[in-house]
Amino acid sequence: MKRNTKLKKRRILLKAAELKEERENQNNPNNYSSSSSESEKPAKRKRKTRSSFKDPFTPKRPLSAWNFYLRENHTRIKEEHPEWKLPDFISVLGKEWKALTKEEKAPYIEMNLKDKKRYKKEYLKYEEKKSERKRKKSEEK
């Protein structure tokens, strides 16, 4: 249903653009090549193919050290400035993150490394289960 409405909207927009171009050609007396442009068809756009199906069982990717810092300090800034929106928080926390020394960033980097290890373990399990599912499907056929 949504696709049909998108197609209809696109057709309407294309038709409007064609009509506008025709009006401009009619109003411009210096344009003698109006007959040749009518016979030429506009180049078709390539449609974007839908991305392949994303497996819902894939493990979540690891968070970066910056993401851990952001999670930890977002509430602090929000309490100090409740009227701020997300871009304001990000800019302030980004400046703070850049000002931190390596020693101050160390706990967040450690969290990142632990999360990477978690991801690797979960991904290996996921790959094993995925190959098992494929084997079962091929055996059924």
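Scroll up to find the structure.
Figured I'd write up the structure that's included with this text. (Residues numbered from 1 in each chain as written. Predicted model: local features only at pLDDT ≥ 70, side-chain atom pairs only at ≥ 80, totals over all residues. Heavy atoms only, no water.)

From N to C terminus, the protein chain includes 5 helices and 0 strands. Expressed as a percentage of the 141 residues in the protein chain, the buried residues total 13%. Looking at the protein chain alone, contacts between residues at least 24 apart form 66% of all its contacts between residues at least 6 apart. Summing over all exposed atoms, the protein chain offers an accessible surface of approximately 13600 Å²; the carbon and sulfur share of this is 54%. (Helix = DSSP H or I, 4+ residues; strand = E, 2+ residues; numbered from the N terminus. Buried < 20%, exposed > 50% of the residue type's maximum accessible area, 1.4 Å probe, protein only. Contact = heavy atoms within 4.5 Å. Areas by Shrake-Rupley, 256 points an atom, 1.4 Å probe, with all protein chains shown as cover.)

Scanning the entire structure with this criterion turns up 8 aromatic pairs. Aromatic pair W97 and Y108: ring centres 6.1 Å apart, planes at 70 degrees, arrangement edge-to-face. Placement of W97 in helix 4 (residues 86–99) and of Y108 in helix 5 (residues 102–140) is noted, with a sequence separation of 11 residues between them. Both residues of the pair, W97 and Y108, count as buried. An angle of 45 degrees between the planes, with centres 5.7 Å apart, marks the rings of Y123 and Y126 as tilted. (Phe/Tyr/Trp six-rings, centres within 6.5 Å; stacked < 30°, edge-to-face > 60°.)

Moving on, we get to the pattern of salt bridges. Opposite charge on two side chains makes pairing possible when the charged atoms of those side chains draw close. What the rule picks out here adds up to 5 salt bridges. Where salt bridges share partners, they join R76, E80 and E96 into one cluster. (Salt bridge = Lys/Arg side-chain N within 4 Å of Asp/Glu carboxyl O.)

Function cannot be inferred from these measures alone, as they are strictly geometric.
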